[in-house]
Every structure is written in C-alpha cells, then in structure tokens.
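Spelled out from the first residue to the last, the chains are:
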Amino acid sequence: MERKCGECHDPAARMTPRTDLFDSCRTCHPRYFTPEAGHSPVTQRQCSQCHDPHRSVEASLLKKPTYDLCLQCHDEPALLSPASHTGLEVNKCT
C-alpha cells in the first residue's frame, strides 16, 4: 500500500497535520459526506472509529475487515446478510 503522507501532513512544517482528520477525509472523499450518505460515524465526525490512516493493513485503511467492523455497531448479523441488502454489493458496506 502506497502511503501519501504529504496529502494530510505538511512536510514543510515537520509533518504536522494540514487540518483535522475529519476535514482531511472530506477533502478526498466528498461523496461520503453528503446528507444522503448519513452514516453515523461520519455525521458524528468520527472517521477514526472505523479507519486508521497510520496502522491499517486493510483496504480503505479500515481497522478490521469490513464485515467484522460492521458487527461492532450492527449487532444483528442477519441484518448484514445479502438478502437484507438487496441491490447492494455484499462485503462492500460503504
């Protein structure tokens, strides 16, 4: 995985963050920050609840595999089944 530290940190200022994490995320991923998206961690400015930009080995910098991560808050596995998500790509919750 290619790290692009300079996109969020300023190399000229000893790698200090250019802005807070929420605003950094929103800069590159605006489609997740629309009112229609409405995912609770996003609306609460808590991107780091699911993502770890520094230590993740998962796709999209997730802290865990997608399904395991969803089960942290969505405690009904049946609700995460393919039948409950008709029309959505399974294993790609976001």
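Starting from 1, residues in each chain are numbered consecutively following that chain's sequence as written. A pLDDT threshold of at least 70 governs which residues receive local features in this predicted model, and a stricter bar of 80 or more applies before side-chain atom pairs are shown or counted, although totals over entire chains, interfaces and linings include all residues. Hydrogens and water are ignored here; the side-chain numbers use all heavy atoms of the structure.

Caption draft 1: Quick peek at the overall build of the protein chain. Regarding its fold elements, the protein chain presents three helices and two strands. The buried share of the protein chain, reckoned over its 94 residues, is 16%. Sequence separation of at least 24 residues holds for 22% of the intrachain contacts in the protein chain that already meet a minimum separation of 6. Surface accessibility in these figures is a Shrake-Rupley result with a 1.4 Å probe; residues are shielded only by whichever protein chains are displayed. Here the protein chain displays about 7300 Å² of accessible surface, and carbon together with sulfur accounts for 55% of that area. Where helices and strands are cited, they refer to DSSP runs of H or I of at least four residues and of E of at least two residues respectively, numbered from the N terminus. Categorising residues by exposure relies on relative accessible area from a 1.4 Å probe, with only protein chains included: less than 20% of the type maximum marks a residue as buried, more than 50% marks it as exposed, and the intermediate range marks it as partly exposed. Note on contacts: a residue pair qualifies if any of its non-hydrogen atoms lie within 4.5 Å across the two residues.

Caption draft 2: The environment of Glu7, seen in detail. Its place among the elements puts Glu7 in the segment before strand E1 (9-10). For Glu7, a relative accessible area of 48% gives the class partly exposed.

Caption draft 3: Seen up close, unusual backbone geometry. One non-glycine residue, Met15, adopts positive backbone phi at about 65°. Tracing the chain through its elements places Met15 in the loop between E1 and strand E2 (16-17). In this structure, Ser60 takes a positive phi of about 60° despite not being glycine.

Caption draft 4: Looking closely at the environment of Cys47. Structurally, Cys47 can be placed in the loop between helix H2 (40-43) and helix H3 (66-73). Each C-alpha atom, one on Cys47 and one on Arg26, is 9.7 Å from the other, the two residues being 21 residues apart in sequence. Residues in contact with Cys47, not counting those within four places in the same chain, are Phe22, Cys25, Phe33 and Pro41.

Caption draft 5: Representation of the packing of aromatic side chains within the structure. Aromatic pairing here means that ring centres of Phe, Tyr or Trp (its six-membered ring) are within 6.5 Å. Orientation follows from the plane angle: under 30 degrees is stacked, over 60 is edge-to-face, and everything else is tilted. Overall, the coordinates contain one aromatic pair when judged by the stated rule. Here the aromatic rings of Phe22 and Phe33 are separated by 5.1 Å at their centres, their planes lie at 85°, and the arrangement is edge-to-face. Of this pair, Phe22 sits in helix H1 (residues 21-28) while Phe33 sits in the loop between H1 and H2, and the two are eleven residues apart along the sequence.

Caption draft 6: The nonpolar core, seen in detail. The term nonpolar core refers to a set of buried residues drawn from Ala, Val, Leu, Ile, Met, Phe, Trp, Tyr and Cys, joined through side-chain atoms within 4.5 Å. By size, the foremost hydrophobic cluster in this structure holds five residues: Phe22, Cys25, Phe33, Val42 and Cys47. Contacts of Phe22, omitting those with residues within four sequence positions, involve Phe33, Val42, Arg45 and Cys47.

Functional significance is not addressed by these values, which are geometric in nature.
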